[in-house]
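Overview (structure and organization)
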Amino acid sequence: MDLSLTAEELRFRDELRAWLEANVPEDWEQVREEALQDRFAFLRSWQRKLYDAGWAGASWPKEYGGRGASPMQQVIFWQEMARAAAPPMANALGLGLIGPTIIAFGTEAQKMRYLPKILSAEEIWCQGFSEPNAGSDLASLQAEARLDADHYIVNGQKVWTSYGWVADWCELVVRTDPNMPKHKGLTVLLVDMKTPGVVIRPLRQMTGEAEFNEVFFRDVRVPVENVVGKVNQGWDVAIGTLMHERGTFGAGLQILYKRNMDRLIELSRGIQRNARPASQDPIARQRLAQCYAEIEIMRLNQMRAFSRLSATGVPGPEGSIQKIFWSELNQRFQQVAQELLGPYGQLVGRDGHAIDKGVWSYGYLRARGNTIEAGTSEIQRNIIGHFVLGLPRSY
Amino acid sequence: MQFGLSESQEILKDSARKFFAGECPVSEVRRLMETETAYDPDLWRKLAEQGYTGIIFPEEYGGVGLGKVELILMMEEAGRALLPGPLFSTVALAGAVLDAVGTAEQKRKYLTPICRGEARSTLAMLEAAASWDPKDAQIEVLNGKLTGEKLFVPDALVADAIVVVARNGVFVVDAKDSGIKTAAMPAMDLTRKLYSVRFDSVPVEKLGNADGLAKGLDVATAALVGEMVGGMQRTLDTTVEYAKTRKQFGKPIGAFQAVQHQCADMYLETESSRSAVYYAAWALQENAPDAAVAVSIAKMYASDACRTVGNRGIQIHGGMGFTWENDLHLYYRRAKASETALGDATFHRERIARLVIDAGAAVAQGA
């Protein structure tokens, strides 16, 4: 165990740190007030800037536009992004989930075609996994693809599709053989969202925004060369994607959590509690310290997971604890923020009294989704119980 | 950068696990806990032969000279076996403080016999007010003599030297001095005995540099968390095994999500405690700027986690978990003692607040 940086890691860090110091846009947080589309455009151009400098996809192979860095350098990348209070990147699913899936299961031609444009944010990606009748029980999905010469013809519906409204491409899981058991007979296709027959409808979530969508497929023609992995073995590919979603995707969230924590501590100095600043109130201090510690433990759990990843190359089922940890932690954190802000916590951006233009009321509501999206907490606990601890399957 | 154990660390942990399993099975734990001191001279000799009593002390004093991570790994395995007796008190508590505050001469004098297995030691810190903040010590040395009372002193009856935190410094006394009266404080944990120690004009030796006390206590705290992680792991393993074999409604109870999800939470709490304490140990070893915060984070988290892991483990065992015959309560008792020892979660949250909020700037992340 040695957490000090090697000479190479140190060079990587120093170079990145200098670049971020020169390039992170100042006062970028005001984009929070802008409409979803404008915010996204901003993050897209920021990712493009990172890509042009060779930082997007640090640990991806060089031949596909990455930097060829180690998994631990990828950890350093996230730590430095957090330290510099840098904006997140726009193509989050492409970078975190779909790119790694294509690297693991894709053909050489697919890697050359798709990976560089994921990194540059030229093509935004979404995931077509959940359906109205296939949520936690993903393998029961019914969207189907029928082979017609050199194309698959896709029919069905997907739901909770984050980034659907802006996505150029979709990693779509479909049933290609309805006669096989439910985990067999699935195939993963890469689908151009501009193909005729793809219809996208916004789904308004409890925050009021429409970050995600319903996506309908009617006789959508997808060339056979867009199959990832083997036909009827798409479950393995989908699970590969989900392992990344659970195990490593949370690393980027550290940026956000650390910022939120620092901001809440700052706010606590100006909020009065029992005739003194909340930062000096024993109860408020307990709550803040608990959050601070948990955010740090989330980072340490992730670093351990990345070290295992360096050794094994693929994230394992134990990654589910990362998902549980970051999602439940954020809910606790947002509640602590609400307690500290008192009645101000409920105000939304349009009210002049609102603190930080209402980000705290938004954050509180948005956090409710954390334990549902990317696999519910219940499903994550099933995975740990069965695949990590070896308990009998419970469903 | 590698947040995993090295090959030699894996070997050390593995051999410690085998050693404790072989030399101190639970039958031996139960035998020792019924004795007055829970100390066994024969077992102590074997611990010394393994180098465990000198694991972190410099080779010039007869120690093995390993680092804080290795100390934590040894303690983790000792905790898994619920090792009774004064290994923690001697090596991780008094030993770490002696190492941090003693002069070279004093270290030679006190650490050498510990490394050789010839002496045991402990730390007397708490008084009636039971504060883990050293600044709250009231006891005072006047004209080279110590008078007053310390409480909750672990393993005092088998100690040869007692390190005493006083208002005006850190001192060592000869535990066999005629001015010392030691009385048992019977408590929940049967494997680590607590005592009140009365000093009546006892001659002392002042340790060199009291500034090192905080560092010494941080090492002790990290070691204790390591031990707690071992206890949590054992509770988890035992519980998962039980959930696989115990049947109700015609199937193993582990097939029910109400049971399975508790096991998943035990896993999450155990692994998170482990991440926190491995990092704290490394930060102490490297004198990282965030070492003190890292120790408090680990103790804070593990103090709550070791209790909830025990709660869940006993609940899943049902009536069996509530019996004297089942071993879980022995771990549960140790967990409660360890939760409060060296500061509970509330104490360490306040310490984190002092180090992070009051310092005005969040500690830099990582390296």
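Definitions and limits used
Residues numbered from 1 in each chain as written. Chains lettered and ligands numbered in written order. Predicted model: local features only at pLDDT ≥ 70, side-chain atom pairs only at ≥ 80, totals over all residues. Heavy atoms only, no water. Helix = DSSP H or I, 4+ residues; strand = E, 2+ residues; numbered from the N terminus. Rg over C-alpha atoms; globule rule 2.2 N^0.38 Å. Buried < 20%, exposed > 50% of the residue type's maximum accessible area, 1.4 Å probe, protein only. Contact = heavy atoms within 4.5 Å. Domains from an automatic or database assignment. Buried area = accessible area lost by both parts, 1.4 Å probe. Salt bridge = Lys/Arg side-chain N within 4 Å of Asp/Glu carboxyl O. Disulfide = S-S within 2.5 Å. Core = buried A, V, L, I, M, F, W, Y, C linked by side-chain atoms within 4.5 Å. Polar contact = N/O pair within 3.5 Å; in protein donor to acceptor, adjacent residues only side chain to side chain. Nonpolar A, V, L, I, M, F, W, Y, C, P; charged D, E, K, R; others polar. Pairing = 2+ DSSP bridges. Axes fitted to C-alpha atoms, helices over the stretch in contact; angles between N-to-C directions. Phe/Tyr/Trp six-rings, centres within 6.5 Å; stacked < 30°, edge-to-face > 60°. Lys NZ or Arg CZ within 6 Å of the ring centre and 35° of its normal.

Here we come to the overall build of chain A. If you tally the helices and strands in chain A, you get 11 helices and 10 strands. Its C-alpha atoms give chain A a radius of gyration of 22 Å, within 12% of the compact-globule value 21 Å for 395 residues. Along the longest, intermediate and shortest principal axes, the C-alpha atoms of chain A span 75 × 45 × 45 Å. Looking at chain A as a whole, 56% of its 395 residues qualify as buried. Pairs at least 24 residues apart make up 71% of the contacts formed inside chain A by residues separated by at least 6 positions.

Bringing the domain arrangement of chain A into the picture now. All names here are of chain A. Here chain A is partitioned into domain 1 (7-90), domain 2 (125-231) and domain 3 (248-388). Each of domain 1 and domain 2 has a C-alpha centre, and the two are 30 Å apart. Listed as interface residues are 6 residues of domain 1 and, on the opposing side, 7 residues of domain 2. Each partner contributes to the roughly 510 Å² buried at the junction of domain 1 and domain 2, and carbon and sulfur atoms together form 64% of this total. Area buried by domain 1 at its contact with domain 2 is led by L36, F40 and R44, which between them contribute 71% of it. Counting across the interface, domain 1 meets domain 2 through 2 salt bridges.

Turning next to the state of the cysteines. As used in these notes, a disulfide is a covalent bond between sulfur atoms, one from each of two cysteines. Within this structure, the stated rule accounts for 0 disulfides over all chains. The thiol of C126 of chain A is not disulfide-bonded; the next cysteine sulfur, from C170 of chain A, is found 3.8 Å away. You can see C306 of chain B has no disulfide; the closest cysteine sulfur is in C263 of chain B, sitting 18 Å from it.

Moving on: the nonpolar core. One finds L264 and W360 of chain A together with F20 and L71 of chain B to be the most contacted residues of the largest nonpolar core, which totals 200 residues. The contact partners of L264 of chain A, leaving out residues within four places of it in the chain, are L288, F333, V336, A337, L340 and W360 of chain A.

Turning our eyes to something else, we now look at the domain arrangement of chain B. Residue and element names in this part refer to chain B. Once the domains are mapped, chain B shows domain 1 (7-119), domain 2 (122-208) and domain 3 (212-358). Relative placement of domain 2 and domain 3: their C-alpha centres are 28 Å apart. Across the boundary between the two partners, domain 2 contributes 12 residues, which contact 16 residues of domain 3. With both sides pooled, the region where domain 2 packs onto domain 3 buries about 1,100 Å², and carbon together with sulfur makes up 69% of that total. It is W132, M188 and R192 in domain 2 that bury the most area against domain 3; as a group they hold 47% of the surface buried on that side. The tally of links from domain 2 across to domain 3 stands at 2 salt bridges.

Turning next to the pattern of salt bridges. Residues and elements named next belong to chain A. Taken as a whole and assessed by the stated rule, the structure comprises 61 salt bridges over all chains. Ionic pairing is found between R221 and D148, a salt bridge with its closest N-O pair at 3.3 Å. Of this pair, R221 sits in strand β7 (residues 212-223) while D148 sits in strand β2 (residues 144-148), placing them 73 residues apart in sequence. Among the residues examined, D148 registers a relative accessible area of 32% and is labelled partly exposed.

Attention now goes to the interface of chain A and chain B. How big an interface is tends to be expressed through the accessible area that disappears when the partners come together. Taken together, the contact between chain A and chain B spans 52 residues of the former and 52 residues of the latter. Carbon and sulfur atoms supply 62% of the area that chain A and chain B bury against each other, a total of about 4,900 Å² over both sides. Of all residues in chain A, M1, R285 and R304 of chain A bury the most surface against chain B, accounting for 18% of the area lost on that side. Our count for the contact surface shared by chain A and chain B stands at 4 salt bridges. Between chain A and chain B we count 24 residue pairs in polar contact (both at pLDDT 80 or more) in total. Elements with a minimum of two residues in the side of chain A that touches chain B: α1 (7-23), α3 (71-83), α7 (253-268), α8 (282-312), α9 (320-341) and α11 (377-388) of chain A. In terms of residue count, the dominant contributor to the side of chain A that touches chain B is α8 of chain A (15 residues). Classifying every residue of the side of chain A that touches chain B gives 23 nonpolar, 14 polar and 15 charged.

With that settled, consider unusual backbone geometry. For A374 of chain A, which is not a glycine, the phi torsion comes out positive at approximately 60°. With phi around 55°, A130 of chain B is a residue other than glycine that occupies positive phi space. Residue position: A130 of chain B is located in the loop between β1 (121-124) and β2 (140-142).

All names here are of chain B. A sheet is described by the order of its strands in space; here 4 strands give the open sequence β1-β4-β5-β8, paired in mixed fashion. The sheet is open, and its two edges are formed by β1 and β8 (205-206), each paired on a single side. Direction of pairing for strand β5 (residues 169-174) relative to β8: antiparallel, over a ladder of 2 bridges. Each bridged residue has a counterpart across the sheet, and for F171 the counterpart in β8 is K206. Against the sheet, helix α5 (residues 87-101) engages β1, β4 (161-166) and β5, with an angle of about 75° to β1.

Residues and elements named next belong to chain A. One pass over the full model with this rule turns up 18 aromatic pairs over all chains. Measuring from ring centre to ring centre gives 5.6 Å for Y114 and W125, while their planes differ by 85°; the resulting arrangement is edge-to-face. Taken together, the positions of Y114 in helix α5 (residues 108-119) and W125 in strand β1 (residues 125-128) put the pair 11 residues apart, joining distant regions of the chain. Of the two residues, Y114 and W125, both sit in the buried class. Taking the centre distance of 6.2 Å and the plane angle of 45° together, the rings of F333 and W360 count as tilted. With a gap of 27 residues between them, F333 in helix α9 and W360 in helix α10 (residues 359-368) connect regions that are remote in the sequence. Given the relative accessible area of 4%, W360 is considered buried. Feature note: the residues F40, Y163 and W165 constitute an aromatic cluster, connected by ring pairs. For the cation-ring pair, R67 lies above W55, with the distance from its terminal atom to the ring centre recorded as 3.7 Å.

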